[in-house]
Amino acid sequence: MPPLKRVRLMMMSRLRTKMMRSQKVKMVDKTVYDWEVMNDNKPIWLRSPKEVDDADYVAFYKSFSKDSDEPLAHVHFTAEGEVTFKSILFVPKTAAHDLYQDYGKAVDNIKMYVKRVFITDDFEEMMPKYLAFIKGVVDSDDLPLNVSRETLQQNKLLRVIKKKLVRKALDMLKKMSAEDFKKFYKEFGTNIKLGVMEDHSNRNRLAKLLRWQSSNDEEEMTSLEGYVERMKEKQDHIYFMSGTTRAECEKSPFVEKLLKKGYEVIYLIDPIDEYCVQNLPEFEGKKFQNAAKENLNLQDNDKVKETMEKLGRDYDTMLNWLKEKVLTSGIDKAILSTRLVESPCALVASQYGYSGNMERIMKSQAYAKSGGQDVPNQKKILELNPFHPLVQEMNKLYKADEDGEQAKDLAHALYDTALLRSGYSLKDTVAFSERMDKLLRKSYSIDMSAKVEIPPEFDEEEKPASTEEVPASEETPVSEEKPKDEL
């Protein structure tokens, strides 16, 4: 290196050293944050169902639902399509005590999350009313996070989420074991029937979850699918009978011929059952037929039809007499019946009329008017059993003297008993009692003019005891007590 260049570098180095010595070093405090992950577990609904065991589901259910019992069933799924979300749904083991008293009231059983951030649990109609008992969480990344809850509630994607939640809930119920579903139906069976009435889009799915008692088994309830599998050849209808108890349905005159011919009959004993069936016109192509209404097709053969035609000619005038003269206000018509076996007669409702059970329910409504004024006064069809001795005797009495009291009394007595047998209520209980009294007198050979003899002492009125004034001189003197300080 040339000497001149070397000297220049040395001078620059000395100058830099002087400048550094002349400057003071300043110390600055600086805070540095070091983040440590305390919980690296994902929310249970974001994890794969294969990674979560039953104990984790039970613990999670108890933590967010505040329920001390374990859930009866659960479903963990991820929905994709128009909207993507993850969800876990649970079925409680027992129904809330006020489930039906507050039916339709908003509940907070579904927790809504957006991108793992809790939004609300009071969305209206996140679940339909009949599935309000379902509890769970829903988390979606497709919903907006920076809007108000009111705006989010109007988002059309929520309707898509609701539709998929209902489908998954119903699939969960369908896949339950027979034992668990029996427990579920005991607690929430009414909700399924309400769903049939309210949710027409899922009516077929809900119909497969219905369970009713039937003549096939005295203990186990049957499904509609099981009933259809056991149907006889050429049977086109699902027969049912409604009443307050199973025993009442079994002993009803309307099911006598059905049971004798081996047809299975479903017994509807809950007040909501008949409403439910009215909203379920058919199941797998088989229509429902109320055994207590007209047009009951028993598939009678030609010989039976021929015999009934002959009997019809013999009873024709008596049937007209019942309709036009004796029971004019109570029946629309009187016909001979093939549905009766042991009973002498029954009152059948028209195709669109009220059965005895439905009429009783309508009159028992909390807001119904007194005397059943809200229930239309519909005339019934009187069906008579031409093979019953009482009906045959009434026909003989009519032919002997159609204006005689015996024939009329027997007709009224049969009509009143038919009202009771068919589940209807008596309008005139006093007249019914008088007719029963007259029939009892005849059966025990008691004189019709015999009166009740009451002993005269039962009619005497008790005289009030006389109170005499006691003279003042004879009054017993009252001793006066001295004050304590004078004793």
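This report concerns the structure included in the present document. Source: prediction; values computed, not measured.

Notes on a positive patch on the surface
Piece 1. A grouping of Lys163, Arg167, Lys168, Lys174, Lys175, Arg205 and Lys208 is seen on the molecular surface, where their side chains present a positively charged patch.
Piece 2. Considering every element that reaches the positive patch, the biggest residue donor is helix α4 (residues 156-174), with 4 residues.
Piece 3. One can find lysine 174 in helix α4.

Considerations on the sheet that holds strand β3 (residues 110-114)
Piece 1. Read from one edge of the open sheet, 5 strands run β1-β2-β5-β3-β4, paired in mixed fashion. Each edge of the open sheet is held by one strand with a lone partner, namely β1 (73-79) and β4 (117-120). Each strand of the sheet is rotated relative to its neighbour by a mean of 20°, with strand direction disregarded.
Piece 2. Two strands pair when backbone bridges link them, and β1 and strand β2 (residues 85-91) are joined in this way by 7 bridges, in the antiparallel orientation. Within the sheet, the bridge partner assigned to histidine 76 lies in β2 and is isoleucine 88.
Piece 3. Seen against the sheet, helix α2 (residues 54-65) touches β1, β2, β3 and β5 (135-140) and runs at an angle of roughly 85° to β2.
Piece 4. The strands touched by α4 within the sheet are β1, β2, β3 and β5, with β2 carrying the most contacts at an inclination of about 45°.

Details of the nonpolar core
Piece 1. In this structure, Leu89, Ile161 and Phe184 are the most contacted members of the largest nonpolar core, which totals 77 residues.
Piece 2. For this core, the leading source of residues is α4, giving 10 residues.
Piece 3. Ignoring sequence-local partners within four residues, the contact set of phenylalanine 184 consists of Leu72, Val91, Phe133, Leu173, Met176, Gly189 and Ile192.

Points about helix α11 (residues 302-326)
Piece 1. A bend of about 55° at tyrosine 315 is the largest found in α11.
Piece 2. You can read the cap of α11 off the contacts: a side-chain oxygen lies 3.2 Å from the backbone nitrogen of lysine 303, and it is on asparagine 301.

Observations concerning the side chain of glutamate 264
Piece 1. Its place among the elements puts glutamate 264 in the loop between α9 (256-260) and β9 (265-268).
Piece 2. Since its relative accessible area comes to 10%, glutamate 264 is described here as buried.
Piece 3. Reaching out from glutamate 264, the side chain makes a polar contact with the side chain of serine 214 at a distance of 2.8 Å.

Thoughts on the sheet that holds strand β11 (residues 286-290)
Note on sheets: strands pair through backbone hydrogen bonds, and any given pair is parallel or antiparallel.
Piece 1. Reading across the sheet, the 6 strands line up as β7-β6-β9-β8-β11-β10 and stay open at both edges, with mixed pairing between neighbours. Across the chains shown, the open sheet's two edge strands, defined by having one partner strand only, are β7 (217-222) and β10 (282-283).
Piece 2. Where strand β8 (residues 237-242) and β11 come together, 4 bridges link them in parallel fashion. Bridging across to β11, phenylalanine 240 finds its partner in asparagine 290.

Some words on the environment of leucine 382
Piece 1. With respect to the helices and strands, the residue leucine 382 is situated in strand β14 (residues 380-384).
Piece 2. For leucine 382, a relative accessible area of 4% corresponds to the buried category.
Piece 3. Between the alpha carbons of leucine 382 and lysine 333 there is a distance of 6.3 Å; along the sequence they are 49 residues apart.
Piece 4. In this structure leucine 382 touches Leu322, Leu327, Ile331, Lys333, Ala334, Ile335, Cys345, Ala346, Leu347 and Ala418, once residues within four positions along its chain are discounted.

Details of the packing of helix α14 (residues 405-421) against helix α15 (residues 429-443)
Piece 1. Two numbers describe how α14 lies on α15: the axes approach to 10 Å, and their chain directions differ by 120°. Regarding the angle of α14 to α15, the classification is oblique. α15 is crossed by α14, and the crossing has left-handed handedness. Along the contact surface, α14 presents Gln406, Asp409, His412, Ala413, Asp416 and Leu420, while α15 presents Phe432, Arg435, Met436, Lys438, Leu439 and Lys442.
Piece 2. Residues belonging to the contact of α14 with α15 are distributed by class as follows: 5 nonpolar, 2 polar and 5 charged.

Some remarks on the packing of aromatic side chains
Piece 1. According to the stated counting rule, one finds 17 aromatic pairs in the structure shown.
Piece 2. Arranged with centres 6.1 Å apart and planes meeting at 85°, the rings of tyrosine 61 and phenylalanine 64 form a pair that is edge-to-face. Of the two residues, tyrosine 61 and phenylalanine 64 both sit in helix α2, 3 residues apart, roughly one turn of that helix. Exposure class is identical for tyrosine 61 and phenylalanine 64. Each is buried.
Piece 3. Here tyrosine 61 and phenylalanine 90 contribute two aromatic rings whose centre-to-centre distance is 5.1 Å and whose plane-to-plane angle is 45°, an arrangement assigned as tilted. Linking tyrosine 61 in helix α2 with phenylalanine 90 in strand β2, this pair joins segments that are 29 residues apart in sequence.
Piece 4. With relative accessibility at 0%, the residue tyrosine 61 sits in the buried group.
Piece 5. It is lysine 232 that lies over the ring of tyrosine 263; its NZ or CZ is 4.7 Å from the centre.
Piece 6. The ring of tyrosine 424 has lysine 380 lying over it, and the distance from NZ or CZ to the ring centre is 4.6 Å.

Some remarks on the side chain of asparagine 109
Piece 1. By the element assignment, asparagine 109 lies in the loop between β2 and β3.
Piece 2. Among the polar contacts made by the side chain of asparagine 109, one reaches the main-chain carbonyl oxygen of alanine 132 at a distance of 2.6 Å.
Piece 3. Setting aside residues no more than four positions away along its own chain, asparagine 109 makes contact with Phe64, Ala132, Phe133, Ile134, Lys135 and Gly136.

As for the pairing of β2
Piece 1. Counting buried positions along β2 yields 6 of 7 residues, so the element is predominantly enclosed.
Piece 2. The antiparallel hairpin formed by β1 and β2 contains 5 residues in its connecting segment, where glycine 81 sits at a positive phi of about 135°.
Piece 3. Both β2 and β5 contribute to a ladder of 6 bridges, which runs antiparallel. Across the sheet, the residue bridging to phenylalanine 85 is serine 140, located in β5.

Criteria and thresholds
- Residues numbered from 1 in each chain as written.
- Predicted model: local features only at pLDDT ≥ 70, side-chain atom pairs only at ≥ 80, totals over all residues.
- Heavy atoms only, no water.
- Patch = residues over 30% accessible without salt bridge, like charges linked within 9 Å, V, L, I, M, F, W, Y side chains within 5 Å.
- Areas by Shrake-Rupley, 256 points an atom, 1.4 Å probe, with all protein chains shown as cover.
- Salt bridge = Lys/Arg side-chain N within 4 Å of Asp/Glu carboxyl O.
- Lys, Arg positive; Asp, Glu negative; His and termini not counted.
- Charge placed at Lys NZ, Arg CZ, Asp CG, Glu CD.
- Helix = DSSP H or I, 4+ residues; strand = E, 2+ residues; numbered from the N terminus.
- Pairing = 2+ DSSP bridges.
- Axes fitted to C-alpha atoms, helices over the stretch in contact; angles between N-to-C directions.
- Contact = heavy atoms within 4.5 Å.
- Core = buried A, V, L, I, M, F, W, Y, C linked by side-chain atoms within 4.5 Å.
- Buried < 20%, exposed > 50% of the residue type's maximum accessible area, 1.4 Å probe, protein only.
- Bend = angle between axes of the 7 residues up to and from the residue.
- Polar contact = N/O pair within 3.5 Å; in protein donor to acceptor, adjacent residues only side chain to side chain.
- Parallel < 35°, antiparallel > 145°, perpendicular 65-115°, else oblique.
- Left-handed = near helix turned anticlockwise from the far one by under 90°.
- Nonpolar A, V, L, I, M, F, W, Y, C, P; charged D, E, K, R; others polar.
- Phe/Tyr/Trp six-rings, centres within 6.5 Å; stacked < 30°, edge-to-face > 60°.
- Lys NZ or Arg CZ within 6 Å of the ring centre and 35° of its normal.

Distances and angles like these do not, on their own, reveal function.
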